[in-house]
Amino acid sequence: MATDIKDTVRTVDAAAVMGLLATRPRVLALGEPTHGEDALLDVRNELFRQLVEEEGYRTIAIESDCLAGLLVDAYVTSASGSLDEVMERGFSHGLGGSEANRELVCWMRAYNAGRPASEQLRFAGIDGPLEMTGAASPREALTSLHGYLARHVDAGLLPCSERALDRLLGSDGRWTEPAAMTDPARSTGRSAEAVRLRLIADDLAALLDAQTPHLLAVTSRQEWERALLYGRTATGLLRYHFWMADTSTDRLARLTGLRDVMMADNLLALAERGPTLVHAHNSHLQRERSSMRMGGRPLRWWGAGSIASARLGEDYAFFATALGTIRHRGVDAPQPGTLEGLLYALPDDLCVVDSPRLGAALADALAAPRASAWFGYFPFDPAHLTATDGLVFIKDIPQGRAASDRRIP
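A quick note: this is a predicted structure, and the numbers were derived from the prediction, not measured. (Residues numbered from 1 in each chain as written. Predicted model: local features only at pLDDT ≥ 70, side-chain atom pairs only at ≥ 80, totals over all residues. Heavy atoms only, no water.)

Draft legend 1. Fine view of the overall build of the chain. A tally of helices and strands in the chain yields 16 helices and 12 strands. Against the globule reference of 22 Å for 409 residues, the chain gives a C-alpha radius of gyration of 22 Å, in line with a compact fold. Counting only C-alpha atoms and orienting by the principal axes, one finds that the chain spans roughly 70 × 55 × 40 Å. The 409 residues of the chain split such that 54% are buried. A sequence separation of at least 24 residues applies to 77% of the contacts in the chain between residues at least 6 apart. Accessible area for the chain stands at about 17,400 Å²; split by element, carbon and sulfur atoms hold 50% of it. Considering the chain, the positive charge centre built from 43 side chains and the negative charge centre built from 53 side chains are found 3 Å apart. (Helix = DSSP H or I, 4+ residues; strand = E, 2+ residues; numbered from the N terminus. Rg over C-alpha atoms; globule rule 2.2 N^0.38 Å. Buried < 20%, exposed > 50% of the residue type's maximum accessible area, 1.4 Å probe, protein only. Contact = heavy atoms within 4.5 Å. Areas by Shrake-Rupley, 256 points an atom, 1.4 Å probe, with all protein chains shown as cover. Lys, Arg positive; Asp, Glu negative; His and termini not counted. Charge placed at Lys NZ, Arg CZ, Asp CG, Glu CD.)

Listed below in structure tokens is the structure:
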């Protein structure tokens, strides 16, 4: 068995990753089993650099607010703004405090300097403007979409005026009420104004589609693509707020699924742009149905990766990441007999595994999933081996950056 495992292991680099695939995918997904560890992002950064230089990839997307990500994209493509401001405002979920993310942004800007727009690297967030404690106001997305259309189409085609839109939106605080996540009665998502705004958002998105030939003639493709993003985000946010006000037992499962629908829509749009590396949690990118517990209830939903994979076929590839230890989080050496335990016994500190081949080699001897000592770490489910294109394994996650030597220079 050990010989079979060793035969499936390769060095983590772009050549090895591509060697496991039949074709270069438009979306190459790299998952992570936990957030907040720069050692995982170092591996992502180095792989992206190689994919850029050897395979022609031009976009990286991460699990961060898609609207905030526009600030990062502007900075790396046109040097708009300051680095500190971009790191503070261009990322959600606290990701702007990561040194590895800061290094990625600096490297992308340096790479783009002096290059024409067609050859520049692009940055994107795939998540909606959502946090675990609630959802943002749809104001930015709706007013930006309305403003774009108002500048370029006849006013009579718009479903409402800017003033009427502002009146319906009201104060942003009514949308971002933290208590609404646990108390549906505190949500404004089913108010008369919110219901009206859902119709307006739908009409604006339809108008954007209907005017595509004209809009592409009078504005840049990049402006038009940004307007599409505003439309997706506005309709997605209003849908999310509507179901935050739901009182059924399926409420949390529905919200979790709706978040991933927004991610999938953004991923599919990026696939149209060209080859993209996306980095997010394994549960968002895997092909299998995802599951977790929230509020004491088990939740199951189809993640962004499963949706994108169903739509893109071989143009979607997924490499999960598994790991051995995060000792500073209480995650010690994996239990013998688990998949991570088998990989931990190998001499490699970092490797990529031919997971379909490994799954076939293990056959019915697949171990039970590893138990996690820390709620923030999701062990890899060995039953998913054959549904992944590869498995990146990192033996030990150090605390801080001192032990890492895999950073983009």
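Draft legend 2. Representation of the environment of D65. Inspection of the secondary structure assignment puts D65 in strand β3 (residues 59-65). We classify D65 as buried; its relative accessible area is 15%. Excluding residues within four positions of it along the chain, D65 makes contact with S92, G125, D127, G128 and P129. Only 2.8 Å separates the side chain of D65 from the backbone nitrogen of L67, close enough to count as a polar contact. (Polar contact = N/O pair within 3.5 Å; in protein donor to acceptor, adjacent residues only side chain to side chain.)

Draft legend 3. Structural view of the environment of E63. Among the secondary structure elements, E63 is positioned in strand β3. By relative accessible area, which is 7% here, E63 ends up buried. Along the sequence, E63 and G19 sit 44 residues apart, while their C-alpha atoms lie 26 Å from each other. Leaving out residues up to four positions away in the same chain, E63 has contacts with H35, H93, L95, I126, D127, R259, M263, H279, A280, H281 and H284. A polar contact of 3.4 Å, which involves the side chain of E63, links it to the side chain of H35.

Draft legend 4. Just helix α7 (residues 139-152), in detail. The terminal C-alpha atoms of α7 lie 20 Å apart, and with 14 residues this matches the ideal 20 Å at 1.5 Å per residue to within 8%. Buried residues of α7: A141, L142, L145, H146, G147, Y148 and L149, and no others. Here the buried face of α7 lies against α8 (162-169), α9 (192-210), α10 (212-218) and α11 (221-244). (Expected span 1.5 Å × (residues − 1).)

Draft legend 5. How the structure looks around unusual backbone geometry. With a phi close to 60 degrees, A79 is a non-glycine residue in the positive phi region. In this fold, A79 is placed in the loop between α4 (69-78) and α5 (83-89). Non-glycine residue H93 carries a positive phi angle of around 60 degrees. Tracing the backbone through its elements, the reader meets H93 in the loop between α5 and α6 (99-112).

Draft legend 6. Structural view of the pairing of strand β10 (residues 316-325). Most of β10 is tucked away: 10 of the 10 residues are buried. Direction of pairing for strand β2 (residues 27-32) relative to β10: parallel, over a ladder of 4 bridges. The partner of L30 across the bridge, within β10, is F319. Sheet topology places β10 next to strand β12 (residues 390-396); 6 bridges connect them, and they run parallel. Bridging across to β12, T325 finds its partner in D396. (Pairing = 2+ DSSP bridges.)

Draft legend 7. Representation of the environment of D260 within the structure. Structurally, D260 can be placed in helix α12 (residues 251-273). Once the C-alpha coordinates of D260 and G36 are considered, the two residues, 224 residues apart in sequence, prove to be 20 Å apart. Here W301 takes part through its side chain, which lies 3.1 Å from a polar atom of the side chain of D260.

Draft legend 8. Broad picture of the sheet that holds β10. Ordered in space as β1-β11-β12-β10-β2-β7-β3-β4, the 8 strands form an open sheet in which the pairing is mixed. In the strand order of this sheet, the two ends are held by β1 (9-10) and β4 (122-127), each with one partner. Sheet contacts for α12: β2, β3, β4 and β7 (276-281); angle to β4, the most-contacted strand, approximately 155 degrees. (Axes fitted to C-alpha atoms, helices over the stretch in contact; angles between N-to-C directions.)

Draft legend 9. Representation of the packing of aromatic side chains within the structure. With the rule as written, the count across this model stands at 5 aromatic pairs. Note on W374 and F375: the rings are 5.9 Å apart at their centroids and 65 degrees apart in plane angle, and the pair reads as edge-to-face. W374 sits in the buried class, given a relative accessible area of 16%. An aromatic cluster is defined as three or more aromatic residues linked by ring pairs; in this entry it consists of F48, W107 and Y111. The lysine or arginine in question, R254, covers the ring of W243, its NZ or CZ lying 3.7 Å from the ring centre. Across the ring face of Y344, the terminal group of K395 is positioned such that the distance to the ring centre comes to 5.3 Å. (Phe/Tyr/Trp six-rings, centres within 6.5 Å; stacked < 30°, edge-to-face > 60°. Lys NZ or Arg CZ within 6 Å of the ring centre and 35° of its normal.)

Draft legend 10. Molecular detail of the packing of α7 against α11. Closest axis-to-axis distance for the α7/α11 pair is 8 Å, and the angle between their directions is 140 degrees. Overall, the two elements α7 and α11 adopt an arrangement that is oblique. Crossing angle aside, the handedness with which α7 passes α11 is left-handed. Every residue of α11 that contacts α7 at A141, L142, S144, L145 and Y148 is listed here: E223, W224, A227, Y230, G231, T233, A234 and L238. Looking at the contact of α7 with α11 residue by residue, the class counts come to 9 nonpolar, 3 polar and 1 charged. (Parallel < 35°, antiparallel > 145°, perpendicular 65-115°, else oblique. Left-handed = near helix turned anticlockwise from the far one by under 90°. Nonpolar A, V, L, I, M, F, W, Y, C, P; charged D, E, K, R; others polar.)

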